[in-house]
Amino acid sequence: MPDAEDERWMRHALVEAGLALKKGEVPVGAVVVYENKIIGRGHNQVEGLNDPTAHAEIIAIGAASTYLNSWRLSGASVYVTIEPCAMCAGALVLSRIDRLVFGSKDPKAGACGSLYNIVQDIRLNHQLEVVPYILEKECSRVLHKFFEKLRRKSLEDKKGKKSGNAD
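Here we summarise the structure given alongside this text. Everything numeric in this text was worked out from a predicted model, so none of it was measured.

## Let's talk about the packing of aromatic side chains
- Per the counting criterion, the structure on display carries 2 aromatic pairs.
- Judged by centre distance (6.0 Å) and plane angle (75 degrees), the rings of Phe102 and Tyr133 are edge-to-face. Here the residue Phe102 occupies a position in strand E4 (residues 99–104), and Tyr133 occupies one in the loop between strand E5 (129–131) and helix H5 (136–162), the gap between them amounting to 31 residues.
- According to the relative accessible area criterion, Phe102 is buried, its value standing at 3%.
- Accessibility expressed as a relative area gives 41% for Tyr133, which makes it partly exposed.
- Ring geometry for Phe146 and Phe147: centres 5.0 Å apart, planes at 80 degrees, overall edge-to-face.
- With relative accessibility at 12%, the residue Phe146 sits in the buried group.
- Just above the ring of Trp9 sits the side chain of Arg8; from NZ or CZ to the centre is 4.0 Å.

This is how it looks when you write it as structure tokens:
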């Protein structure tokens, strides 16, 4: 049974995902929690910042590090709406975060159990506890809706060009 506190914090990550969605970004959100307080928030800003590293996790980790005035985030947990990619998993290890809680898995790019398991690789100097699938349906739904809308728009654009209606 999911922990009520994990669900509580994941709902904050979902709010961040909603902010990304409003900006036309892939709707991923993250929060860093330390001593029962959010000390870092982030949502995808890759398109808006023209920065391939502007993932929700990276932004949240940066904010948390600024808050604590330390790159070491020992004792903190990160809540992310989707399983982190290799870049973000590496950042989680480097930041010494203790715990990763994520919503939905990412079979195409997930590096915390799906394709790789960077955050629990014993060859690295730090490993994280991983708690998957918290509010999985809600986290998956926002991503599915986004990509469904994107595919629909792409098909409409293609149909418009074929029929000569393109501007």
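## Remarks on the environment of Glu16
- Assignment of secondary structure puts Glu16 in helix H1 (residues 4–22).
- Judged by relative accessible area, Glu16 falls into the buried class, the value being 6%.
- Taking the C-alpha atoms as reference, Glu16 lies 14 Å from Phe102; in sequence the two are 86 residues apart.
- The contact partners of Glu16, leaving out residues within four places of it in the chain, are Val28, Gly29, Ala30, Val31, Arg41, Gly42 and His43.

## Concerning the pattern of salt bridges
- Taken as a whole, this structure holds 6 salt bridges when the rule is applied.
- With a shortest N-O distance of 3.1 Å, Arg8 and Glu5 are connected by a salt bridge. With Arg8 and Glu5 both in helix H1 and 3 residues apart, this pair spans about one turn of that helix.
- Arg8 sits in the partly exposed class, given a relative accessible area of 37%.
- Here Glu16 makes a salt bridge to Arg41, at a shortest N to O gap of 3.8 Å. Here Glu16, found in helix H1, pairs with Arg41, found in strand E2 (residues 37–43); they are 25 residues apart in sequence, far enough to count as distant.
- According to the relative accessible area criterion, Arg41 is partly exposed, its value standing at 39%.
- One salt-bridge network, held together by shared partners, links Asp6, Arg99 and Glu129.

Calculation criteria
- Residues numbered from 1 in each chain as written.
- Predicted model: local features only at pLDDT ≥ 70, side-chain atom pairs only at ≥ 80, totals over all residues.
- Heavy atoms only, no water.
- Phe/Tyr/Trp six-rings, centres within 6.5 Å; stacked < 30°, edge-to-face > 60°.
- Helix = DSSP H or I, 4+ residues; strand = E, 2+ residues; numbered from the N terminus.
- Buried < 20%, exposed > 50% of the residue type's maximum accessible area, 1.4 Å probe, protein only.
- Lys NZ or Arg CZ within 6 Å of the ring centre and 35° of its normal.
- Contact = heavy atoms within 4.5 Å.
- Salt bridge = Lys/Arg side-chain N within 4 Å of Asp/Glu carboxyl O.

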